[in-house]
Amino acid sequence: VGYSFWWNGKDKPLSRREHLTRHGIYVEFLGLLGREIGLHFELHARFEKLKQNTVAYLVDAKSLLEEDLGACREIVTFINRLLSDYPQAADLPVAQWRAQYTEKIEQLLKALTGGS
């Protein structure tokens, strides 16, 4: 969640434990993002395969959409935990991603429940 202290001398360097903890957070986050991005591309391919027929897509891709919904929820939960544990992360793009994934969750729920 930021290593600017390496070059600005402003803050005390991280302990080895904190350094490894932050790398663990990074790896966990990449795993969550990788899962969601993979689902995103799989869903897009399915939509193209169905010639952009939304009705057929919603039927055919329902289980993948549900899986994507779960992946997005996991990302938002992770970001919430990250921002709770590291409030300084609120200034990073990750805080914006929370809003974007929350919006995607709402869109997926509408699609899965037939809402508009």
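Right, let's walk through the structure included here. (Residues numbered from 1 in each chain as written. Predicted model: local features only at pLDDT ≥ 70, side-chain atom pairs only at ≥ 80, totals over all residues. Heavy atoms only, no water.)

### Observations concerning the nonpolar core
- If you look at the biggest cluster of nonpolar residues, it comprises 26 residues, and the most contacted ones within it are Phe29, Ile75, Phe78, Ile79, Leu82 and Val94.
- Of all the elements in the fold, those that place two or more residues in this core are helix H2 (16-49), helix H4 (62-85) and helix H5 (93-113).
- Among the elements that make up this core, the one with the highest residue count is H4 (11 residues).
- When sequence neighbours within four positions are dropped, the list of residues in contact with Phe78 reads Ile25, Glu28, Phe29 and Leu32. (Core = buried A, V, L, I, M, F, W, Y, C linked by side-chain atoms within 4.5 Å. Buried < 20%, exposed > 50% of the residue type's maximum accessible area, 1.4 Å probe, protein only. Helix = DSSP H or I, 4+ residues; strand = E, 2+ residues; numbered from the N terminus. Contact = heavy atoms within 4.5 Å.)

### Here we look at the packing of aromatic side chains
- In this structure the tally under the stated criterion is 3 aromatic pairs.
- Among the aromatic residues, those joined into a ring-pair cluster are Phe29, Phe78 and Trp97. (Phe/Tyr/Trp six-rings, centres within 6.5 Å; stacked < 30°, edge-to-face > 60°.)

### Here's the deal with the packing of H2 against H4
- Close contact between H2 and H4 brings their axes to 10 Å; oriented N to C, the two are set at 155 degrees. Between H2 and H4, the crossing angle belongs to the class labelled roughly antiparallel. Helix-helix and strand crossings are classified by hand; for H2 and H4 the assignment is left-handed.
- For the contact of H2 with H4, the residue count by class is 14 nonpolar, 1 polar and 9 charged. (Axes fitted to C-alpha atoms, helices over the stretch in contact; angles between N-to-C directions. Parallel < 35°, antiparallel > 145°, perpendicular 65-115°, else oblique. Left-handed = near helix turned anticlockwise from the far one by under 90°. Nonpolar A, V, L, I, M, F, W, Y, C, P; charged D, E, K, R; others polar.)

### Overview of the packing of H4 against H5
- Between H4 and H5, whose axes approach to 9 Å, the crossing angle comes to 150 degrees. Comparing the axis directions of H4 and H5 gives the class roughly antiparallel. The element H4 and its partner H5 pack so that their crossing is left-handed.
- Split by residue class, the contact of H4 with H5 holds 16 nonpolar, 2 polar and 6 charged.

### Some remarks on the pattern of salt bridges
- According to the stated counting rule, one finds 7 salt bridges in the structure shown.
- Each of Glu36, Asp68 and Lys104 takes part in salt bridges that share partners, so that together they form one network. (Salt bridge = Lys/Arg side-chain N within 4 Å of Asp/Glu carboxyl O.)

### Side note on a nonpolar patch on the surface
- A cluster of nonpolar side chains, Tyr26, Val27 and Leu30, forms an exposed patch at the surface whose accessible area comes to about 320 Å².
- By the secondary structure assignment, Val27 is in helix H2. (Patch = residues over 30% accessible without salt bridge, like charges linked within 9 Å, V, L, I, M, F, W, Y side chains within 5 Å. Areas by Shrake-Rupley, 256 points an atom, 1.4 Å probe, with all protein chains shown as cover.)

### A few points about H5
- Between its first and last C-alpha atoms H5 spans 30 Å; for 21 residues at 1.5 Å apiece the expected length is 30 Å, and the two agree.
- What H5 keeps buried is the set Val94, Ala95, Tyr101, Lys104, Ile105 and Leu108. Around the axis of H5, the buried residues are gathered within 165 degrees of arc, so they sit on the same side. Turned more than 90 degrees away from the buried face of H5 sit Gln96 and Gln100, all of them exposed. (Expected span 1.5 Å × (residues − 1). Arc of directions from axis to C-beta.)

### Overview of unusual backbone geometry
- The phi angle at Lys51 is positive, at roughly 55 degrees, despite the residue not being glycine.
- In this fold, Lys51 is placed in the loop between H2 and helix H3 (54-60).
- Judged by its relative accessible area of 72%, Lys51 is exposed.
- The backbone phi angle of Gln52 is positive, close to 60 degrees, even though this residue is not glycine.

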